[in-house]
Amino acid sequence: MRADRRTLVVIVVLLAALAPVVVAFLADDGGPTGGPPFDPRSTDPDGTRAFVGVLEETGIDVEVRAATVDPGGATVVVFVDLFGGDERRALRDWVRDGGRLIMLDPFSPLGRPMRVPDDPEALEPDATCDIPALAAVTEVDLGRVEVVDRAADDAACPRFEEGALVVEQAFGDGTVVTAGIGRLLVNDAIARRDHAALGIGAVGPTDRVLVLDAAAPGGGDRGLVAL
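About the cut-offs
Residues numbered from 1 in each chain as written. Predicted model: local features only at pLDDT ≥ 70, side-chain atom pairs only at ≥ 80, totals over all residues. Heavy atoms only, no water. Pairing = 2+ DSSP bridges. Helix = DSSP H or I, 4+ residues; strand = E, 2+ residues; numbered from the N terminus. Contact = heavy atoms within 4.5 Å. Axes fitted to C-alpha atoms, helices over the stretch in contact; angles between N-to-C directions. Buried < 20%, exposed > 50% of the residue type's maximum accessible area, 1.4 Å probe, protein only. Lys, Arg positive; Asp, Glu negative; His and termini not counted. Salt bridge = Lys/Arg side-chain N within 4 Å of Asp/Glu carboxyl O. Polar contact = N/O pair within 3.5 Å; in protein donor to acceptor, adjacent residues only side chain to side chain. Parallel < 35°, antiparallel > 145°, perpendicular 65-115°, else oblique. Left-handed = near helix turned anticlockwise from the far one by under 90°. Nonpolar A, V, L, I, M, F, W, Y, C, P; charged D, E, K, R; others polar. Patch = residues over 30% accessible without salt bridge, like charges linked within 9 Å, V, L, I, M, F, W, Y side chains within 5 Å. Areas by Shrake-Rupley, 256 points an atom, 1.4 Å probe, with all protein chains shown as cover. Charge placed at Lys NZ, Arg CZ, Asp CG, Glu CD. Expected span 1.5 Å × (residues − 1). Arc of directions from axis to C-beta.

*Asks:* Which parts of the structure should I look at to understand the sheet that holds strand β11 (residues 208–212)?
*Replies:* Note: strands within a sheet are paired through backbone hydrogen bonds, in either parallel or antiparallel orientation. One open sheet holds the seven strands; their spatial order is β1-β11-β2-β3-β10-β9-β6, and the pairing between them is mixed. Among the strands making up the open sheet, the edge pair consists of β1 (61–65) and β6 (155–156). Inspection of the sheet shows strand β2 (residues 75–78) paired to β11 by three bridges, in the parallel sense. Looking at β11, one finds that valine 76 is bridged to leucine 210. Sitting on the sheet, helix α4 (residues 195–203) touches β2, β3 (100–103), β9 (166–171), β10 (174–179) and β11, and the angle it makes with β3 is about 145 degrees.

What follows is the structure, given as structure tokens:
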């Protein structure tokens, strides 16, 4: 695990420099596609297709699917929480059994509470970083973030007096990562500053990522996780 994290730090530093090239490449990858905000298939400015491409550029196997599927051993990324009550309970059970959930929706009850800072310019990151993969992140547009509340035993980075941008919470045998960085990962922002590195670091070391489709609410007889 330590070797994986050292490798990830190197990757995110390189990715921060290469992000504009990656996004330019993605712009030519087929025709434009639209969708709702944060849709991982959308090439609109507020879509997140470029984020999916950035993950793939690091060698991660990425799949975009609806919210009614079993994530298995994948790390799950959620930009927009459209789950029903049964699906949320199933997802909590899946995390408790060892899953890793990256929650980017500020309104979801699955992650730590987050809020838009009253004065983004007053946010001063401290020197403490409990998440090695984010240690190299320094340049972030704080005008487009939410600050996440953290508990004393949470890992967090970058940290501020009133919270953090990325908070890792142990939940049973698994982990819930609450990250107030969703607006930094849309197509028109991910190539700026260290936003690509911040997104990759929040996802963490993994070989497989499932990005839940923001355009596809859950439904039917099956929950998100078939245990």
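*Asks:* Honestly, the side chain of aspartate 105 in this entry has me stumped. Any pointers?
*Replies:* By the element assignment, aspartate 105 lies in the loop between β3 and β4 (114–115). Arginine 88 provides the closest opposite charge to the buried, salt-bridge-free aspartate 105, at an N-O distance of 7.0 Å. A polar contact of 2.7 Å, which involves the side chain of aspartate 105, links it to the backbone nitrogen of aspartate 81. A distance of 2.8 Å separates the side chain of aspartate 105 from the backbone nitrogen of phenylalanine 107, its partner in a polar contact. Leave out the neighbours within four places in its chain, and aspartate 105 touches Val78, Phe79, Val80, Asp81 and Met114.

*Asks:* In this structure, what is going on with the pairing of β10? I would like to understand it.
*Replies:* The side chains of a regular strand alternate, residue by residue, between the two faces of the sheet. Taking burial as the measure, the six residues of β10 include five buried ones, the bulk of the element. Pairing geometry for β3 and β10, over four bridges, is parallel. Of the residues in β10, the one forming a bridge with leucine 101 is valine 176. Pairing geometry for β9 and β10, over six bridges, is antiparallel.

*Asks:* How do you make sense of unusual backbone geometry when you look at a structure like this?
*Replies:* With omega at -15 degrees, the peptide bond leading from cysteine 157 into proline 158 counts as cis. Here proline 158 is to be found in the loop between β6 and β7 (159–160). Phi angles above zero are rare outside glycine, and phenylalanine 38 is one such case at about 70 degrees. Notably, arginine 193 is not glycine yet its phi reads approximately 50 degrees, a positive angle. Its location among the elements puts arginine 193 in the loop between β10 and α4. Under the relative-accessibility criterion, arginine 193 is labelled partly exposed at 47%.

*Asks:* Help me understand the environment of leucine 101, please; the structure alone is not making it clear to me.
*Replies:* Within the secondary structure, leucine 101 sits in strand β3. Spatially, the C-alpha atom of leucine 101 lies 10.0 Å from that of valine 209, the residues being 108 residues apart in sequence. Discounting residues that sit within four places of it in the chain, leucine 101 has contacts with Val76, Val78, Leu91, Trp94, Val95, Leu110, Thr175, Val176 and Val177.

*Asks:* Got a minute to help me understand the pattern of salt bridges in this structure?
*Replies:* Oppositely charged side chains can form a pair if their charged atoms are brought close together. Here the structure, examined in full by the defined rule, presents 13 salt bridges. Three or more residues are tied together by salt bridges with common partners; here these are Glu63, Arg65 and Arg208.

*Asks:* Explanation requested: the packing of helix α2 (residues 49–57) against α4 in the structure shown.
*Replies:* Any two packed helices are characterised by how steeply their axes cross, that is the angle between the axes, and by the distance between the axes. It is the contact of α2 with α4, at a shortest axis distance of 10 Å, that shows an interaxial angle of 65 degrees. Considering the angle they form, α2 stands roughly perpendicular to α4. You can see that α2 and α4 cross each other, and the crossing is right-handed. Here Phe51, Val54 and Leu55 of α2 lie close against α4, whose contacting residues are Ala196, Gly199, Ile200 and Val203. Partitioning the contact of α2 with α4 into residue classes produces six nonpolar, one polar and no charged.

*Asks:* Mind showing me how you'd approach a negative patch on the surface here?
*Replies:* On the surface, a cluster of negative charge is contributed by Glu56, Glu57, Asp61 and Asp207. Note that aspartate 207 resides in the loop between α4 and β11. The class for aspartate 207 is exposed, based on a relative accessible area of 68%.

*Asks:* Got a minute to help me understand helix α3 (residues 85–96) in this structure?
*Replies:* Given 3.6 residues to a turn, an α-helix orients residues that are three or four positions apart in the same direction. For α3, which comprises 12 residues, the first-to-last C-alpha distance of 17 Å matches the rise-based estimate of 16 Å (1.5 Å per residue) to within 8%. Every buried residue belonging to α3 is among Glu87, Ala90, Leu91, Trp94 and Val95, and all of these are buried. Buried residues of α3, viewed axially, fall in a sector of 140 degrees; they line one side. Considering only its buried residues, α3 is in contact with β2, β3, β9 and β10. Glycine 98 sits one or two residues past α3 and shows a positive phi near 125 degrees.

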